[in-house]
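Single-letter residue listing:
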Amino acid sequence: MNILEAIKERRSVRSFDGKALSEAVRNELLAFAAGVYNPFGGHFSIRLKSFNLKNGYKPNTYGIIKDANDFFLIGMADEEATALATGFCFEQVVLKAWQLGLGTCWIAATFKGTDFDNGESWPDGETLKIICPVGQAAKKSLMERITRFSLGSRNRKPFSDLFFTDSFKQPLSPNSSFGEALEMLRLAPSSTNSQPWRVLTDNDTVHFYYLPKSRLSVLDTGIGICHFYETEKYYGHTGAFYTLSTPPAVHDKWKYLVSYRRRNTNI
Ligand SMILES: Cc1cc2nc3c(=O)[nH]c(=O)nc-3n(C[C@H](O)[C@H](O)[C@H](O)COP(=O)(O)O)c2cc1C
């Protein structure tokens, strides 16, 4: 399965088959997580913890996650660069897991921290902020179906509401040179499916903005930028990220985050 297929097919999985990951798969995921591309720096740690379900212990996710034995734990510092980097980097792991036939679900709210943090110690400034079950998907539980329905998880905002050109005056055409990469961004997961990402393009450059909806909006935007960048990479367009001290255009609701310039451009 190529990365675009993984982006299109992925969904959050909340019901699992109860089996532990094999040693080989654990090692593959851990090696992949250690080598993800990170252009944003920040301070975060990704761990993979096994809970021995067979012994009857289930960490508390308030009924949201069913029968997951293995969970990623993510410790993060409270910084904008960290939020952006964590979203960008861990989404690479989520997509890799999907390519390996494994389901995941980013979880920032519906978990009891002490159940997961027990015995962990994090580098200075980092605390456990995200967990993510990983394993073989089982048939969706009733709770999973209700959760997905109430979050509107299958829905995404239209392309024309998110992506713009000409100082936000014009919606971007999906047929523009960044059309496919931005379409892949549009499909990304976000907390409460909030889709806070907004984009302004200018020839070979994309400026990423976000709508500050919650404490997770920057992290969510990092996830979307991961989908965008994976698509650029797939087509051999990889460019560079940089931050402008003065945003290219000001918008009353959206905050500027970072810019990207394509290198091998045919625009
Ligand atoms: C940063 C982040 C935090 C999330 N936190 C939770 C959570 O606490 N509980 C939950 O059930 N789902 C959580 N989700 C999953 C979202 O609800 C889900 O990604 C969204 O509804 C879109 O559905 P999809 O992932 O199936 O495409 C989170 C997703 C992200 C990206």
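Residues numbered from 1 in each chain as written. Predicted model: local features only at pLDDT ≥ 70, side-chain atom pairs only at ≥ 80, totals over all residues. Heavy atoms only, no water.

The geometry of helix α7 (residues 179-186) relative to helix α8 (residues 217-234) is characterised by a closest axis approach of 7 Å and an angle of 145° between their N-to-C directions. The element α7 and its partner α8 pack so that their crossing is right-handed. Between α7 and α8, the contacting residues are E180, A181, L182, M184 and L185 on the first element and G224, I225, H227, F228, T231 and E232 on the second. Looking at side-chain class alone, the contact of α7 with α8 contains 6 nonpolar, 3 polar and 2 charged residues. (Axes fitted to C-alpha atoms, helices over the stretch in contact; angles between N-to-C directions. Helix = DSSP H or I, 4+ residues; strand = E, 2+ residues; numbered from the N terminus. Left-handed = near helix turned anticlockwise from the far one by under 90°. Contact = heavy atoms within 4.5 Å. Nonpolar A, V, L, I, M, F, W, Y, C, P; charged D, E, K, R; others polar.)

Let us look at the domain arrangement of the protein. Split into domains, the protein comes out as domain 1 (3-147) and domain 2 (159-261). Across the contact, 21 residues belong to domain 1 and 23 residues belong to domain 2. Between domain 1 and domain 2, the buried area comes to about 2,000 Å², and carbon and sulfur atoms account for 78% of it. Linking domain 1 with domain 2 are 0 salt bridges, by the criterion used here. In this assembly, domain 1 and domain 2 are joined by 3 residue pairs in polar contact (both at pLDDT 80 or more). When contributions to the side of domain 1 that touches domain 2 are tallied by element, the ones reaching two or more residues are α1 (3-9) and α3 (80-99). Counting residues per element, the side of domain 1 that touches domain 2 draws most heavily on α3, at 9 residues. Of the residues in the side of domain 1 that touches domain 2, the class split is 14 nonpolar, 3 polar and 4 charged. (Domains from an automatic or database assignment. Buried area = accessible area lost by both parts, 1.4 Å probe. Salt bridge = Lys/Arg side-chain N within 4 Å of Asp/Glu carboxyl O. Polar contact = N/O pair within 3.5 Å; in protein donor to acceptor, adjacent residues only side chain to side chain.)

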